[in-house]
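Here's the letter readout for the chains.
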Amino acid sequence: HSGKKRVDESKTLTLDGIRNSLIRKEDSIIFSLLERAQYSYNADAFFTDGFNGSLVEFMVLQTENLHAQVGRYKSPDEHAFFPEDLPEPMLPPLLNFNSYFELTSCCIKWGHHLFYLKYYILILLQWECHVLRHSADSININNKIWNIYFKDILPRLVKAGDDDNCGSVTVCDTLCLQALSKRIHYGKFVAEAKFRDALSEYEAAYLIHDRKLLLVLLTYETVEELVKKRVEIKARTYGQVPSLIADLYRDWVMPLTKEVQVEYLLRRLD
Ligand SMILES: O=C(O)C(=O)C[C@]1(C(=O)O)C=C[C@@H](O)C=C1
């Protein structure tokens with residue numbers, strides 16, 4: 001029994017489990033990119049007057065503002081594009097090892113011992129689920145994702161020009177950016193699983209801070225081929241630009257996921 005329990009508990013940390021999670025995230029990415037592909041580029045949505053920002057910045061910031069209030073960006077697999085401008089959640093902190101300390105100070109301050117008792121218990125139950133190292137919090141490549149999305153991905157995906165759909169376009173862009181960011185930053189979990197599977201190799205590369213070696217260690221060409229093929233097949237069932245979406249995966253999505261992995265592994269033992 002105990003053997004089986006160990007396997008169950010570690011299921012979420014295995015590379016296979018994490019790869020399945022990446023597969024599910026593919027659907028949101030493909031679907032939101034194909035929705036966006038119905039509209040033209042609509043540069044007006046990205047025009048910034050240098051003071052108020054662009055319509056799409058407004059949309060992403062306001063969406064993040066709302067989601068932050070229910071604690072979205074306290075989760076280790078969520079990364080905001082405008083993290084510095086977000087409000088604290090209205091809900092009690094969600095339950096991981098780090099929030100134990102926030103919670104303690106909160107309780108001392110307000111004396112809500114009973115109210116928070118259930119959260120203390122849940123924290124203890126979830127102790128094991130704290131998968132990533134603390135240094136993971138400092139990795140957020142959303143600025144890069146933003147620039148690549150507007151400069152490289154969109155121009156390949158959509159027609160140039162305007163079709164007077166600025167509003168719809170900003171909604172689509174927000175969804176695309178969030179889906180891409182979530183998948184790419186999931187690289188942290190992929191890297192953690194790989195590190196645990198091959199401690200000594202990754203430790204050796206970490207010690208000499210060798211980015212190239214880390215990249216070689218974490219790259220699986222055959223898996224990348226499979227991902228590309230699968231994305232192409234999925235995109236074909238929805239729309240007319242299957243190979244383009246697969247190419248975007250090859251050129252941007254997978255390389256950025258690997259970049260997050262390298263960054264994570266470089267800080268994993270700090
Ligand atoms: O599945 C993995 O091992 C990953 O690291 C994910 C991923 C990807 O982005 O899909 C990235 C690098 C690997 O070469 C293969 C695939």
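Residues numbered from 1 in each chain as written. Predicted model: local features only at pLDDT ≥ 70, side-chain atom pairs only at ≥ 80, totals over all residues. Heavy atoms only, no water.

So, helix H2 (residues 15-36)
Quick reminder: α-helices carry 3.6 residues per turn. Residues three or four places apart thus point the same way.
1) Next: Helix length check: H2, at 22 residues, gives a terminal C-alpha distance of 31 Å against a target of 32 Å (1.5 Å per residue), a fit within 8%.
2) Next: Within H2 the residues assigned to the buried category are Leu15, Ile18, Ser21, Leu22, Lys25, Glu26, Ile29, Ile30, Ser32, Leu33, Leu34 and Arg36.
3) Next: The elements touched by buried residues of H2 are helix H6 (142-157), helix H7 (166-185), helix H8 (187-197), helix H11 (221-238) and helix H12 (242-267). (Helix = DSSP H or I, 4+ residues; strand = E, 2+ residues; numbered from the N terminus. Expected span 1.5 Å × (residues − 1). Buried < 20%, exposed > 50% of the residue type's maximum accessible area, 1.4 Å probe, protein only. Contact = heavy atoms within 4.5 Å.)

Describing the environment of Val169
1) Next: Residue position: Val169 is located in helix H7.
2) Next: Using a relative accessible area of 0% as the deciding quantity, one classes Val169 as buried.
3) Next: Each C-alpha atom, one on Val169 and one on Leu91, is 31 Å from the other, the two residues being 78 residues apart in sequence.
4) Next: When neighbours within four sequence positions are excluded, Val169 is seen to be in contact with Arg36, Tyr39, Ser40, Tyr41, Asn42, Ala45 and Phe46.

A short note on H11
1) Next: Its 18 residues place the ends of H11 26 Å apart at the C-alpha level, agreeing with the 26 Å of an ideal helix rising 1.5 Å per residue.
2) Next: For H11, the complete set of buried residues consists of Val227, Lys228, Val231, Lys234 and Ala235. Around the axis of H11, the buried residues are gathered within 135° of arc, so they sit on the same side. Projecting away from the buried face of H11 at angles above 90 degrees are the exposed residues Thr222, Leu226, Lys229, Ile233 and Thr237.
3) Next: Check the buried side of H11 and you find it contacts H2, H7 and H12. (Arc of directions from axis to C-beta.)

Some remarks on the UniProt feature "domain: Chorismate mutase" (unreviewed entry) in the protein
1) Next: Annotation from UniProt places "domain: Chorismate mutase" (unreviewed entry) at residues 168-261.
2) Next: The distance separating the terminal C-alpha atoms of residues 168-261 is 33 Å; by composition the span is 89% helix and 0% strand. (UniProt positions renumbered as here; feature names shortened; annotations may be inferred.)

Notes on the site of the ligand
1) Next: Near the ligand, the surroundings consist of 15 residues, among which Arg19, Arg183, Lys194, Tyr220 and Glu224 are the closest.
2) Next: Tyr220 has a polar backbone atom sitting 2.7 Å from an oxygen atom of the ligand.
3) Next: One nitrogen or oxygen atom from the side chain of Glu224 is found 2.5 Å from an oxygen atom belonging to the ligand.
4) Next: Summarising the interface, the protein chains cover 99% of the accessible area of the ligand, which totals 360 Å² for the free molecule.
5) Next: For the shell around the ligand, the secondary-structure elements that each account for two or more residues are H2, H8, H11 and H12.
6) Next: Sorting elements by how many residues they give to the shell around the ligand places H12 first, with 4 residues.
7) Next: Its residues assigned to classes, the shell around the ligand comprises 7 nonpolar, 3 polar and 5 charged. (Near = heavy atom within 4 Å. Polar contact = N/O pair within 3.5 Å; in protein donor to acceptor, adjacent residues only side chain to side chain. Areas by Shrake-Rupley, 256 points an atom, 1.4 Å probe, with all protein chains shown as cover. Nonpolar A, V, L, I, M, F, W, Y, C, P; charged D, E, K, R; others polar.)

Describing the packing of H6 against H7
1) Next: The N-to-C vectors of H6 and H7 enclose an angle of 125°; their axes lie 10 Å apart at closest approach. By the angle between their directions, the pair H6 and H7 is classed as oblique. Remark: the crossing between H6 and H7 carries right-handed chirality. On H7, the residues touching Asn142, Ile145, Trp146, Tyr149, Phe150, Ile153 and Leu154 of H6 are Asp173, Cys176, Leu177, Leu180, Ser181, Ile184 and His185.
2) Next: Broken down by class, the residue content of the contact of H6 with H7 amounts to 10 nonpolar, 3 polar and 1 charged. (Axes fitted to C-alpha atoms, helices over the stretch in contact; angles between N-to-C directions. Parallel < 35°, antiparallel > 145°, perpendicular 65-115°, else oblique. Left-handed = near helix turned anticlockwise from the far one by under 90°.)

Re a nonpolar patch on the surface
1) Next: A cluster of nonpolar side chains, Leu207, Ile208, Leu213 and Val216, forms an exposed patch at the surface whose accessible area comes to about 410 Å².
2) Next: Relative to the helices and strands, Ile208 is located in the loop between helix H9 (199-207) and helix H10 (211-218). (Patch = residues over 30% accessible without salt bridge, like charges linked within 9 Å, V, L, I, M, F, W, Y side chains within 5 Å. Salt bridge = Lys/Arg side-chain N within 4 Å of Asp/Glu carboxyl O.)

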